[in-house]
Amino acid sequence: MEQIELFAIESPCRGVCENSAKGFCKGCLRSREERFHWFSLSNEARHHVLDLCQQRRARLLKARQERLEADSTKALPYGMEDELITDLFELTND
């Protein structure tokens, strides 16, 4: 049985809005298409996009850690550069 969403799922945009070399947003890790179509997606599709963003972030952090441990210059996934990656899904107490 599918659970009913009481509230619309907000965009994961963090206001960075800068594309990586492969077209992923450096702030929220959504692809161009995911950003463009966000407001026309169903809640189920939005959940799927958020899951993809979490997977991308985990893969990016893992690749960055492996680079640091190996002292390597291997490219990071999603066309990202070596910059700070914020945790988009961690709760903040602002």
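Above this text sits the structure in question.
Structure report, in brief.

Thresholds, definitions, all that
Residues numbered from 1 in each chain as written. Predicted model: local features only at pLDDT ≥ 70, side-chain atom pairs only at ≥ 80, totals over all residues. Heavy atoms only, no water. Salt bridge = Lys/Arg side-chain N within 4 Å of Asp/Glu carboxyl O. Buried < 20%, exposed > 50% of the residue type's maximum accessible area, 1.4 Å probe, protein only. Disulfide = S-S within 2.5 Å. Core = buried A, V, L, I, M, F, W, Y, C linked by side-chain atoms within 4.5 Å. Contact = heavy atoms within 4.5 Å. Helix = DSSP H or I, 4+ residues; strand = E, 2+ residues; numbered from the N terminus. Expected span 1.5 Å × (residues − 1).

## Thoughts on the pattern of salt bridges
- Under the defined criterion, the tally for this structure stands at two salt bridges.
- Taking the shortest distance from any N to any O, the salt bridge between lysine 26 and glutamate 18 comes out at 3.3 Å.
- By relative accessible area, glutamate 18 is classed as partly exposed at 41%.

## Considerations on the state of the cysteines
- Per the counting criterion, the structure on display carries zero disulfides.
- The closest cysteine sulfur to the non-disulfide-bonded cysteine 13 is located on cysteine 17, 3.8 Å from its own sulfur.
- Cysteine 13 gets classed as partly exposed once you look at its relative accessible area, which sits at 35%.

## Observations concerning the nonpolar core
- Among the nonpolar cores identified, the biggest contains seven residues, and these are Phe24, Leu29, Leu60, Ala63, Leu76, Tyr78 and Met80.
- In this structure leucine 29 touches Phe24, Glu34, Cys53, Arg56, Arg57, Leu60 and Met80, once residues within four positions along its chain are discounted.

## Focus: unusual backbone geometry
- Despite not being glycine, cysteine 17 has its phi angle at roughly 45°, a positive value.
- Following the sequence through the fold, cysteine 17 ends up in the segment before α1 (32–37).
- On the accessibility criterion, cysteine 17 (56% relative accessible area) is exposed.
- A positive phi is found at leucine 29, a non-glycine position, where the angle reads about 65°.
- Mapping leucine 29 onto the fold places it in the segment before α1.

## Considering the environment of glutamate 10
- By secondary structure assignment, the location of glutamate 10 is in the segment before α1.
- Looking at glutamate 10, the relative accessible area reads 68%, which means it is exposed.
- The spatial distance from the C-alpha of glutamate 10 to the C-alpha of phenylalanine 39 is 9.2 Å, given a sequence separation of 29 residues.

## Observations regarding the side chain of serine 31
- Relative to the elements of secondary structure, serine 31 occurs in the segment before α1.
- Those residues in contact with serine 31 that lie beyond four places of it in its chain are Gly23, Phe24 and Arg56.

## Considering helix α2 (residues 43–70)
- In this model α2 runs 41 Å from its N-terminal to its C-terminal C-alpha over 28 residues, within 8% of the 40 Å that 1.5 Å per residue would give.
- All of the buried residues along α2 are Arg46, Val49, Leu50, Cys53, Arg56, Arg57, Leu60, Ala63, Arg64 and Arg67.
- For α2, the elements touching its buried residues are α1.
- Backbone geometry just after α2 places aspartate 71 at a positive phi near 50°.

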